[in-house]
Amino acid sequence: MQNTKLLLTSFTFVGLLALAGCSFPGVYKIDIQQGNVVTQDMIDQLRPGMTRRQVRFIMGNPLLTDTFHADRWDYLYSLQPGGGERQQERISVIFNSNDQLVSLSGDFMPGVSRDEAIMGKDSGTTVTDPTQNAEQPKPEKPAKPGSLLDQIQKDVDKVETVPVPTPEPLDTSPQ
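Residues numbered from 1 in each chain as written. Predicted model: local features only at pLDDT ≥ 70, side-chain atom pairs only at ≥ 80, totals over all residues. Heavy atoms only, no water.

Caption draft 1: Geometry of the overall build of the protein. Regarding its fold elements, the protein presents five helices and five strands. Going from the N terminus to the C terminus, the protein shows its helices and strands as α-β-α-α-β-β-β-β-α-α. Counting across all 175 residues of the protein, residues that qualify as buried make up 15%. Within the protein, counting contacts between residues at least 6 apart in sequence, those at least 24 apart form 40% of the total. A total accessible area of about 15000 Å² is found for the protein, and carbon and sulfur atoms account for 58% of it. (Helix = DSSP H or I, 4+ residues; strand = E, 2+ residues; numbered from the N terminus. Buried < 20%, exposed > 50% of the residue type's maximum accessible area, 1.4 Å probe, protein only. Contact = heavy atoms within 4.5 Å. Areas by Shrake-Rupley, 256 points an atom, 1.4 Å probe, with all protein chains shown as cover.)

This is how it looks when you write it as structure tokens:
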């Protein structure tokens, strides 16, 4: 009777330890990464008209090449942090009959970083001329007389510019 009670208690204890080991706090669970790592910098380097070789140089080999859609490459990436929820990203690159890049589709878009999309600062993917967006300098407030900024400004104003000497050209005539 006592052996049966001891045996039952030990089996119960071992069973509880086995169950607790599956989700025991402090047990390390590895991150599982699968597919091609695709970053916003890679997408920003892609330009319409690029050849397949150029796209392969930037993005790497595609994870999927469909035999029925030979003009489309698919890049998939999934990450499951240890015990966390799985995150998946996808990008499809489409070529024309001349093997030139025509379009992109998927989770990444040119010109929009993940941080900007999350923060909601930029909802469109318009590309503008940088000379049009040049920020106008804001007028500076003058420093208070006698302050450290005023002293620094006076020291900067006293500096005289000195032209950089240019060397004499070498005589190239044959002698």
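What follows picks up the thread again.
Caption draft 2: Layout of the pattern of salt bridges. This structure, assessed with the given rule, holds three salt bridges. Among the salt bridges present, the one from K154 reaches D150, with a minimum N-O distance of 3.5 Å. In this pair, K154 and D150 are both assigned in helix α5 (residues 148-158), four residues apart and thus about one turn of the helix distant. Classification of D150 by relative accessible area gives buried; the value is 16%. (Salt bridge = Lys/Arg side-chain N within 4 Å of Asp/Glu carboxyl O.)

Caption draft 3: Broad picture of the nonpolar core. In this structure, L46, V55 and M59 are the most contacted members of the largest nonpolar core, which totals 15 residues. Elements with a contribution of two residues or more to this core: α3 (52-59), β3 (72-80), β4 (87-95) and β5 (101-106). With near-sequence residues (within four places) excluded, L46 lies in contact with V55, I58, M59, L101 and L104. (Core = buried A, V, L, I, M, F, W, Y, C linked by side-chain atoms within 4.5 Å.)

Caption draft 4: The arrangement of unusual backbone geometry in detail. In this model, D99 sits at a positive phi of 60 degrees, which is unusual for a non-glycine residue. Mapped onto the fold, D99 is located in the loop between β4 and β5. Residue classification places D99 among the partly exposed positions, given a relative accessible area of 35%.

Caption draft 5: A look at a nonpolar patch on the surface. On the surface, L148, L149, I152 and V156 cluster together into a nonpolar patch covering about 420 Å² of accessible area. Relative to the assigned elements, V156 resides in helix α5. (Patch = residues over 30% accessible without salt bridge, like charges linked within 9 Å, V, L, I, M, F, W, Y side chains within 5 Å.)

Caption draft 6: Up close: α3. The complete set of buried residues in α3 reads R52, V55, I58 and M59. Taken end-on, α3 shows its buried residues confined to a sector of 130 degrees, consistent with a single buried face. Those residues of α3 that are exposed and angled more than 90 degrees off the buried face are R53 and F57. Positive backbone phi, at 90 degrees, marks G60, one or two positions downstream of α3. (Arc of directions from axis to C-beta.)

Caption draft 7: Quick peek at the pairing of β4. The pairing of β3 with β4 spans eight bridges and is antiparallel. Bridging across to β4, Y75 finds its partner in I91. Following β3, the chain reverses through six residues before pairing antiparallel with β4; G83 in that reversal takes a positive phi of roughly 80 degrees. Pairing geometry for β4 and β5, over five bridges, is antiparallel. Across the sheet, I94 pairs through a bridge with S103, a residue of β5. Following β4, the chain reverses through five residues before pairing antiparallel with β5; D99 in that reversal takes a positive phi of roughly 60 degrees. (Pairing = 2+ DSSP bridges.)

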